[in-house]
Amino acid sequence: MAERNAVVELNDISITFPGVKALDSVGFRLFPGEVHSLMGENGAGKSTLIKVLTGVYSPDTGVITVDGERVAFSGPAESQAAGISTVYQEVNLLANLTVAENIMLGREPHRFGVVDWRATRKRAAELLSDLHLDIDPSSLLGDHSLAVQQLVAIARATNVQAKVLILDEPTSSLDADEVAELFRVIRSLKESGVAILFVSHFLDQVYEISDRITVLRNGKLIGEYLTGDLLRIDLVQKMIGKELAVLDDIQSRVQEEQSGATADVPFVSAIGLGRKGAIEPVDLDVYEGEVVGIAGLLGSGRTELARILSGVDRPDSGEIQVEGRGRRFRTPRAALSSRIAYSSENRRAEGIVAELSVRDNLALALQADRGWFRRIPRKRLDELTQSYIETLQIRPANPDILVGNLSGGNQQKVLLARWLAIAPRLLILDEPTRGIDVGAKAEIQKLVANLAENGMSVVFISAELEEVLRLSNRVAIMRDRRMVADLPNRDLTVDDILGVIAEGAGGDESDAPTAERIPS
Amino acid sequence: MSRVLTNRLFWPVVVLLALFAVNLVAFPGFFAIEVKNGHLFGSLVDIVRNGAPTLIIAIGMTLVIATRGIDLSVGAICAIAGAISCSIILGSPDPGNVGTVVVAVITALLVALVLGLWNGFLVAVIGVQPIIATLVLMTAGRGIAMLITEGQILTVNSAPFKTLGSGFLFGIPVAVWIAAAIFALAALLTRRTALGLFIESVGINPEASRQAGLRSRGLLFSVYTFSAVCAAIAGLVLTSNQTAADANNTGLFIELDAILAVVIGGTSLAGGRYSSSAPWWARSSSRRS
Amino acid sequence: MLTSPKHGPVVVTLVLLLAIFAIGGLRYRGFLGGQVFLNLFVDNAYLIVLAVGMTFVILTGGIDLSVGAVVALSTMIAASMLQAGWSPGVVIPLILIATSVLGLLVGLMIHVFKVQPFIATLAAMFLARGLCYIISNNSISITDPFFTAFAYTRIPLGGRLSITPSVVVAVLVVIAAVVVLQYTRFGRTVYALGGGEQSGMLMGLAVARTKVLVYIISGFCSGLAGILFTFYTLSGYPLTAIGTELDAIAAVVIGGTLLTGGYGFVLGSVLGVLVLGVIQTIITFEGTLSSWWTRIFIGALLLVFIVLQKLLTARRR
Ligand SMILES: Nc1ncnc2c1ncn2[C@@H]1O[C@H](COP(=O)(O)OP(=O)(O)OP(=O)(O)O)[C@@H](O)[C@H]1O
Ligand SMILES: [Mg+2]
């Protein structure tokens, strides 16, 4: 394999941000017709390496060659022109424009000197259907869920005849089905000789799709390996630099604690809770100390349910009861005062406050709870910050750094820490481990299990069904904006859940097949 | 050194020093400060005193801008405050009475409070874009001021009132004391309590702040009210300095000066990060004399 | 439709505008005459052009405070050069070039030196006013035959209705702007910038060029508006058009464009200008208002308008 010429080669790349050496003399190469995974912990430098390659950052030292020629891109526009198509880590599209425009902007077909909108929409629709994504190309991008936006970004990247396709955590909010679609597309591009750089924290995906793996740690190159030669356990060991503590103990405990619900009154119950256009009326009980997983495909209404439970959106039917008493949450603040917290799946738009420090972001909800006058004493705040930085392994471990400058996974950890810090009685976690590396993910799962043991209730939403099963006492399954099943987690398997989702029947539903609805 | 260079106040300070240097060369007497009758006199003292109203408004504006807003109505509020105080003083039998002046000042401040709540209402409750919300009061406000003065320029002759704008305390102009007090208050509120954090947070990411349980409505009400009260105080200082309320011209274009001072001082108009000490430095460079 | 952030405000603005017309028609005799309507365009042709330029800038999330001063500068350049005997064929292109270059400088200041648009354009505003005073402290009247002819020409529209050539110019500018914004890559990039500059950059769009270009367009439009304004007033005066930038911004925002950028339409801005114009017309029809009641009345109408607009487009949580 190595006889062929690399289409992209990076040599001796170093780049320093204030206070962090993000890349330290790193080399990387990418061959035509291969999928090459870039692996490493949160903050290892993966996204930075990609941005150096596409010209977003210019490296302090090092050489980049494309097709054997030395290049120095001054920005993404130039790297695109050179045939490098990129999906960046966070969805970097324009919420104010239509899906079609987001896919086509910058290369719309023209007719008589002006943009040919009809052809633009048509081409966009084709690209969407390649990914089996059934949405209206003229809808606004901002009206779609994060997962759909991620797919749109992928559609945009596959639009051009690129020789290099870079995908930085493209699957972080996708379900198994969409991942399968994406992999199908990746494989066919690979067949046609495109070089693909793939980043993901899901080891299964990495092993399924990639031919070669490069591992980074703390900005340094650890090595380049053929996928077949590298055992998973070795890969993890290379990424985190030590053995990974095993997760089995969580699993077993959840199984033992099956009873979970001890009190007779649920801590929170939703009774016929619904909202037009978001979810059909839903019943759900969450008992103290119970972890309720919510499973369902993209657009099934899992996020919508979480938003209504937590006062982010208002219901238009039904009721929420807290310890048996009816409550009306008009704002998140109201829900928070009943000690119900919600961690949004969309950390960039609704979670972090990018231009504030880690410390301030962490303190935000706690301080809001105390009111503006009683400021958290500085000493206590520092202790708090320090303890979360340690528990969640936030890197760099500097409370003064702006959250916007952290790597994606580390931003997610700060967001989690914000909610854990207020010690809620019900914590609704929407994709809490999105973009988080294997080590930290285990750490977070352990933390959630611990907190539940100590009486905190958790609603856990994740596209990763294994994770849902590992943590939950019960699993509620949603499909087509309704809840179709609510099953105790006794020997439940991923296939069981997928089966229920596919059938769309949980017993209480009429068996008439519901028409496939397009999420709008 | 790099810490100094990246400080948000670095460039403003450089510009200010450069301006001083230019002035020193152009007008050699620029830095001369003398003591006459126990008061400080000199160009620098004038700059500081004439800049006081702008500075006072800029302090309020800093907070408004930090929430991603803007307050265009401050000039009009200056005029209204001046008009109210002067018409009360003129309407009283004894304009020189301290009690009268206190009533006049307090009334003006209360009215400003209401006007600030009004701006806050439009922005926070109705959800109008701040520039338009405050444009309403900017347009109508001068009309209201003229209504109060019935289109006249109200000249007052009241020693206690005059002190506000032209008096001295311990050799330093009263206006400067007032500005310093407001600055101290603002600094105290934003740095010693969590208000500063909340304002920054709402300015940078309103939705994230809402989900974190911040009461952004209340915050917006507070900053617009604070800004209006600052404007009224500035208006009183200006009116007192001119010993007349001129509904057409008191505080004309002062909103631009103040906004400029705030922005030069390093606060981004896109909301969020701010520096409350910035207007101090920016003030003198923004004076259009 | 009403609650979509895209079209809602524009539709509501149109409906409210029609409502004002209906109320005015009930209240004042002669208000509904066709010429009253056409005069909205005649009197505000320059403002329409300004608002078009401003729309480009605001759509990118910027702002241009210099437009009023640039209008004044154009009137001064026109008046003084014509007085010195230059031909309009030279003067008009020269003004358009000069104001576009000013826009270019502002754009470079904003893009290259990362000066905030507010500051950069405020500086341009002071510069333009200053240049006005360098040209002259006083009003200069214009007697050039082309300018006077242009000023007095009326284009009949049948019946007893007529418009001025300035209206035609303004309409052409609007059409051009609509086409550019809706049907060219540059236009769509303008929206993209307002949606997120960082994202636009990562998508490989021509961020820098677009950002500078919108200020050039705004400069050009200000110059053109200044020329239309001289047709209207037949003089140059350094203090003219003070505060016009706020009218232009208000028109754009009333027309449904978000100041944070990304959402809005040129036609909305035209409606915004008409709203401001109708308010003025109502004031004239009211006739007897003292100057302070006029201001209060304008403020009140503006208020009623924006509150209704907001309530009608409110999105539920
Ligand atoms: N613009 C920036 N300014 C300052 N520091 C930065 C910036 N971008 C990245 N960093 C730092 O560089 C390091 C590498 O970040 P990078 O985003 O490349 O990590 P990553 O490997 O992609 O992690 P993740 O898996 O969480 O996405 C981190 O320590 C991060 O804090
Ligand atoms: Mg990354």
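Residues numbered from 1 in each chain as written. Chains lettered and ligands numbered in written order. Predicted model: local features only at pLDDT ≥ 70, side-chain atom pairs only at ≥ 80, totals over all residues. Heavy atoms only, no water.

> Quick question: what am I supposed to make of the interface of chain A and chain C here?
Accessible area lost upon the coming together of the parts is a frequently used measure of interface size. Of the residues lining the interface, 32 residues belong to chain A; the matching set on chain C comes to 26 residues. Summing both sides of the interface, chain A and chain C together bury roughly 2400 Å²; the carbon and sulfur share of this comes to 57%. Together, N92, L94 and N96 of chain A form the three largest contributors to the area buried by chain A at its contact with chain C, with a combined 22%. Connecting chain A to chain C are two salt bridges. Of the charged contacts, one joins E108 of chain A and R185 of chain C as a salt bridge, the two residues approaching to 2.7 Å between their closest N and O atoms. Here chain A and chain C share ten residue pairs in polar contact (both at pLDDT 80 or more) between them. Those elements that provide at least two residues to the side of chain A that touches chain C are helix 2 (76–81), helix 3 (99–104) and strand 8 (114–115) of chain A. Considering every element that reaches the side of chain A that touches chain C, the biggest residue donor is helix 2 of chain A, with three residues. (Contact = heavy atoms within 4.5 Å. Buried area = accessible area lost by both parts, 1.4 Å probe. Salt bridge = Lys/Arg side-chain N within 4 Å of Asp/Glu carboxyl O. Polar contact = N/O pair within 3.5 Å; in protein donor to acceptor, adjacent residues only side chain to side chain. Helix = DSSP H or I, 4+ residues; strand = E, 2+ residues; numbered from the N terminus.)

> How should the side chain of S37 of chain A be read in this particular structure?
Residues and elements named next belong to chain A. Summarising the element assignment, S37 is placed in strand 3 (residues 35–39). Here S210 takes part through its side chain, which lies 3.2 Å from a polar atom of the side chain of S37. Discounting chain neighbours no more than four positions away, the residues touching S37 are F198, V206, S210, R212, I213 and T214.

> How do you make sense of the confidence of the model for chain B when you look at a structure like this?
Mean pLDDT for chain B: 82, with 76% of residues reaching 70 or above. pLDDT under 50 marks residues 276–289 of chain B. Its contacts with residues more than four places away, or in other chains, come to 39 contacts. (pLDDT = per-residue confidence, 0-100.)

> Before we go on, may I ask you to explain the packing of aromatic side chains in this structure?
The relative placement of two aromatic rings is captured by the distance of their centres and the angle of their planes. Considering all chains together, one arrives at 17 aromatic pairs over all chains under this definition. Ring geometry for W372 of chain A and F373 of chain A: centres 5.4 Å apart, planes at 85 degrees, overall edge-to-face. Residue W372 of chain A is classed as partly exposed on the basis of its relative accessible area, which comes to 37%. Taken together through their ring pairs, the aromatic side chains of F21, Y28, F31, F37, F41 and F285 of chain C make up a single cluster. In this arrangement the basic side chain of R418 of chain A is found over the ring face of W419 of chain A, its NZ or CZ atom lying 5.9 Å from the centre. Above the plane of the ring of Y191 of chain C lies R188 of chain C, whose end atom (NZ or CZ) is 4.5 Å from the centre. (Phe/Tyr/Trp six-rings, centres within 6.5 Å; stacked < 30°, edge-to-face > 60°. Buried < 20%, exposed > 50% of the residue type's maximum accessible area, 1.4 Å probe, protein only. Lys NZ or Arg CZ within 6 Å of the ring centre and 35° of its normal.)

> I keep staring at the coordination of the magnesium ion (ligand 2) and nothing clicks. Help me out?
Ideal values for angles at a metal depend on the geometry: 109.5 degrees with four tetrahedral donors, 90 or 180 degrees with six octahedral donors. All names here are of chain A. The coordination sphere of the magnesium ion (ligand 2) contains the protein donors S47 (OG) and Q89 (OE1), at a distance range of 1.9 to 2.1 Å. Of this pair, S47 sits in helix 1 (residues 46–53) while Q89 sits in the loop between strand 6 (84–87) and helix 3, and the two are 42 residues apart along the sequence. Here Q89 falls in the buried class, since its relative accessible area comes to 14%. (Donors = N, O, S within 2.8 Å, 3.2 Å for Na, K, Ca; no water.)

> I would appreciate a short explanation of the packing of helix 4 (residues 88–112) of chain C against helix 5 (residues 117–135) of chain C in the present structure.
Geometrically, a packed helix pair is captured by the angle between its two axes and the distance between the axes. All names here are of chain C. It is at 9 Å that the axes of helix 4 and helix 5 come closest, and there the two elements cross at 150 degrees. In terms of their interaxial angle, helix 4 and helix 5 are classed as roughly antiparallel. Note on packing geometry: the crossing formed by helix 4 with helix 5 is right-handed. Mapping the contact onto sequence places L102, V106, M109 and I110 in helix 4 and P117, A120, T121, A123, A124 and L127 in helix 5. Its residues placed into classes, the contact of helix 4 with helix 5 shows nine nonpolar, one polar and no charged. (Axes fitted to C-alpha atoms, helices over the stretch in contact; angles between N-to-C directions. Parallel < 35°, antiparallel > 145°, perpendicular 65-115°, else oblique. Left-handed = near helix turned anticlockwise from the far one by under 90°. Nonpolar A, V, L, I, M, F, W, Y, C, P; charged D, E, K, R; others polar.)

> Looking at this model, I keep getting lost on the site of ligand 1. Mind explaining?
All names here are of chain A. Close to ligand 1 lie 21 residues, the nearest being G43, S47, T48, S407 and G409. Between E169 and ligand 1, the recorded distance is 3.4 Å, taken from a side-chain N or O atom to an oxygen atom. Bound to the protein, ligand 1 loses 91% of the 640 Å² it would expose on its own. Those elements that provide at least two residues to the shell around ligand 1 are strand 2 (20–30), helix 1 and helix 15 (408–421). It is helix 1 that provides the largest number of residues to the shell around ligand 1, a total of three residues. In terms of residue class, the shell around ligand 1 is built from seven nonpolar, eleven polar and three charged. (Near = heavy atom within 4 Å. Areas by Shrake-Rupley, 256 points an atom, 1.4 Å probe, with all protein chains shown as cover.)

> Even after reading the chapter, I still don't get unusual backbone geometry, so can you show me in this structure?
Generally, phi is negative for residues other than glycine and the peptide bonds are trans, each holding for most cases. Residues and elements named next belong to chain A. Cis peptide bonds are those with omega within 30 degrees of zero, and the linkage from R395 to P396 qualifies with -5 degrees. Looking at where P396 falls in the secondary structure, it is placed in the loop between helix 14 (378–391) and helix 15. You will see that Q393, though not glycine, has its phi angle at about 55 degrees, which is positive. Here Q393 lies in the loop between helix 14 and helix 15. Of note in the backbone geometry, R481 takes a positive phi value of approximately 65 degrees without being a glycine. With respect to the helices and strands, R481 occurs in the loop between strand 21 (474–479) and strand 22 (482–488). Its relative accessible area of 14% is what places R481 among the buried residues.

> Please clarify how the sheet that holds strand 4 (residues 61–66) of chain A should be interpreted in this entry.
Strand pairs in the sheet, formed through backbone hydrogen bonds, run parallel or antiparallel to each other. Residue and element names in this part refer to chain A. Read from one edge to the other, the open sheet built from four strands follows the order 2-1-4-5, with strand pairing classed as antiparallel. Two strands in the sheet have a free side with no partner beyond their single neighbour: strand 2 and strand 5 (69–71). Neighbouring strand axes in the sheet, compared pairwise and without regard to direction, differ in orientation by 30 degrees on average. Here five bridges tie strand 1 (residues 8–17) to strand 4, and the two strands are oriented antiparallel to one another. Note that in strand 4 the partner of E9 across the bridge is T65. (Pairing = 2+ DSSP bridges.)

> Would you mind going over the sheet that holds strand 3 of chain A with me for this structure?
Residue and element names in this part refer to chain A. Taken in spatial order, the six strands of this open sheet run 6-9-10-3-11-12, and their pairing is mixed. Single-partner strands in this sheet number two, and they are strand 6 and strand 12 (220–226). Direction aside, neighbouring strands of the sheet carry axes that sit 15 degrees apart on average. Helix-sheet contacts for helix 6 (residues 176–191) involve strand 3, strand 9 (164–168) and strand 10 (195–199), and the interaxial angle to strand 10 is about 150 degrees. Helix 8 (residues 232–240) rests against strand 3, strand 11 (212–217) and strand 12 of the sheet, and its axis sits at about 30 degrees to strand 11.

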